[in-house]
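Single-letter residue listing:
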Amino acid sequence: MRVRTLLGWSLVVVAVFGVLSILADSRGSTSQQSSPLAERLSTASLLNLRDSEPITLMATGDVMLARSVEAVMRKRKDYAYPFQATADMLKEADIAFANLETPLLPGVNTPIGSMTFRADPESVAGLQFAGFDVLSCANNHTMNYKEKGLLNTVKILRENGISPVGCGANQDEAHTPVVMEVSGKKVAFLAYNDRTIPPRFHGEAKFNVAGIAAMDVAAMVGDVKNAAKEADFVVVSM
C-alpha cells in the first residue's frame, strides 16, 4: 500500500511539473505554444531526464504526529518510530516532500478522536530521520493552535534544517516559494489550503497576520509565475 501511495504521488507530481512548465513557458515562442499538449507534457514533465544528472523527488501524503502516534513515540522514547519502515526509501531521493498535518507545540497528548492536533516538538527528530527537506503547512490542522502553534512549528522546522512552505508570519511569507537546488537545477515549492474546508478564511495569512496560504487562483498564478523566474521547475501542493 505504501509503495502504491508513493507511486501515485510521483505521478501527480510529474503531472504538476508538466502543467506548470507549460505555464512558465507561456512567454516562449509562438511555435512552441502551438505544439500538441501531450507532446509538451511528455517533454516538460520528466525533470530533464535526458540530462546526465536527473533529479529524484519523492512526495508522500499527510504526516500526522498527534494522538496515538504521539503516545507510542513518547512511550518508546523514539520519535523516529513512525518512519522506521519508510526512511531508507525517502532518503534515496534528492528532495523529499510531505504535508505536515500537525503543529509542533509542547503540551499534553491529544485525546483519541480529537481533531485538534498537536505534536511534541521533539517529533522533528523523526522528520529529520525520515529525510524530509520541505514540508507543506498549508492544511486544515496547522492553525489548530492558531498563530502560536504555527510560528512555533515554523521556527522548529527551520532550526532543524527543514523548510516549511505555504505558511508564515504574514501573507508574503506564506506565498513565498521554497527553492531547492540539486545538481545545478532549481526546484521551487508552493503550497495552498482549500478555502472550502476548516479553518476556511480564519487561518489565512494576511498582510500583517500569520497564517497559511489560501488556494486562490489569481494569487496562485502570480506565485507560480514568480517562482518560475528563479527555478527550473515548480511544484504546487494543494
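Source: prediction; values computed, not measured.

(A) Summary view of the packing of aromatic side chains. Counted according to the given criterion, the structure contains 2 aromatic pairs. Judged by centre distance (6.1 Å) and plane angle (80 degrees), the rings of Phe 83 and Phe 132 are edge-to-face. Placement of Phe 83 in the loop between helix H4 (67-76) and helix H5 (87-91) and of Phe 132 in the loop between helix H6 (124-130) and strand E3 (134-136) is noted, with a sequence separation of 49 residues between them. The same class applies to Phe 83 as to Phe 132, namely buried. Seen from their ring centres, Phe 97 and Phe 189 are 5.3 Å apart, and the 25 degrees between their planes marks the pair as stacked. Highlighted residues: Phe 97 in strand E2 (residues 95-100) and Phe 189 in strand E7 (residues 185-191), separated in sequence by 92 residues. Note on Phe 97: relative accessible area 3%, which makes it buried.

(B) Summary view of the sheet that holds strand E6 (residues 178-182). What the 3 strands build is an open sheet, ordered E6-E7-E9; its pairing is mixed. If you trace the sheet from one side to the other, it starts and ends with E6 and strand E9 (233-237), each paired once. For this sheet, the mean angle separating the axes of adjacent strands, direction not counted, is 25 degrees. Both E6 and E7 contribute to a ladder of 5 bridges, which runs antiparallel. Following the sheet pairing, Met 180 is matched in E7 by Val 187.

(C) Quick look at the pairing of E9. Of all the 5 residues making up E9, 5 are buried; the element is thus mostly covered by neighbouring parts of the structure. Every second residue of E9 is oriented toward a common face, with Phe 233, Val 235 and Ser 237 on one face and Val 234 and Val 236 on the other, all of them buried.

(D) Here's a closer look at the confidence of the model for the protein chain. Averaged over all residues, the pLDDT of the protein chain equals 82, while 76% of them reach at least 70. For the stretch residues 1-49, pLDDT sits under 50, and the model shows 53 contacts to residues farther than four places along the chain or on other chains.

(E) Fine view of the environment of Lys 186. Tracing the backbone shows Lys 186 in strand E7. Classification of Lys 186 as partly exposed rests on a relative accessible area of 33%. Apart from residues no more than four positions distant in its own chain, Lys 186 is found in contact with Val 179, Met 180, Glu 181, Glu 230, Ala 231, Asp 232 and Phe 233.

(F) Quick look at the sheet that holds E2. Read across the open sheet, the 4 strands follow the order E1-E2-E3-E4; overall the sheet is parallel. The strands lining the two open edges of the sheet, one partner per strand, are strand E1 (57-63) and strand E4 (163-165). Along the sheet, successive strands turn relative to each other by an average axial angle of 25 degrees, direction set aside. Where E2 meets E3, 3 bridges bridge the pair, whose relative direction is parallel. Among the inter-strand pairings, Asn 99 is bridged to a residue of E3, identified as Ser 136.

(G) Structural detail: the nonpolar core. Counting 28 residues, the largest nonpolar core has Val 63, Leu 65, Leu 127, Phe 132, Leu 135 and Leu 157 as its most contacted members. Taken together, the elements giving at least two residues each to this core come down to E1, E2, H6 and helix H7 (146-159). Considering every element that reaches this core, the biggest residue donor is H7, with 4 residues. Excluding residues within four positions of it along the chain, Leu 65 makes contact with Glu 70, Met 73, Pro 82, Phe 83, Leu 100, Thr 102, Ala 119, Ser 123 and Leu 127. Ala 59, Val 134, Val 165 and Phe 189 belong to the second-largest nonpolar core, a separate cluster that totals 16 residues.

Reading the values: rules and limits
Residues numbered from 1 in each chain as written. Predicted model: local features only at pLDDT ≥ 70, side-chain atom pairs only at ≥ 80, totals over all residues. Heavy atoms only, no water. Phe/Tyr/Trp six-rings, centres within 6.5 Å; stacked < 30°, edge-to-face > 60°. Helix = DSSP H or I, 4+ residues; strand = E, 2+ residues; numbered from the N terminus. Buried < 20%, exposed > 50% of the residue type's maximum accessible area, 1.4 Å probe, protein only. Pairing = 2+ DSSP bridges. Axes fitted to C-alpha atoms, helices over the stretch in contact; angles between N-to-C directions. pLDDT = per-residue confidence, 0-100. Contact = heavy atoms within 4.5 Å. Core = buried A, V, L, I, M, F, W, Y, C linked by side-chain atoms within 4.5 Å.

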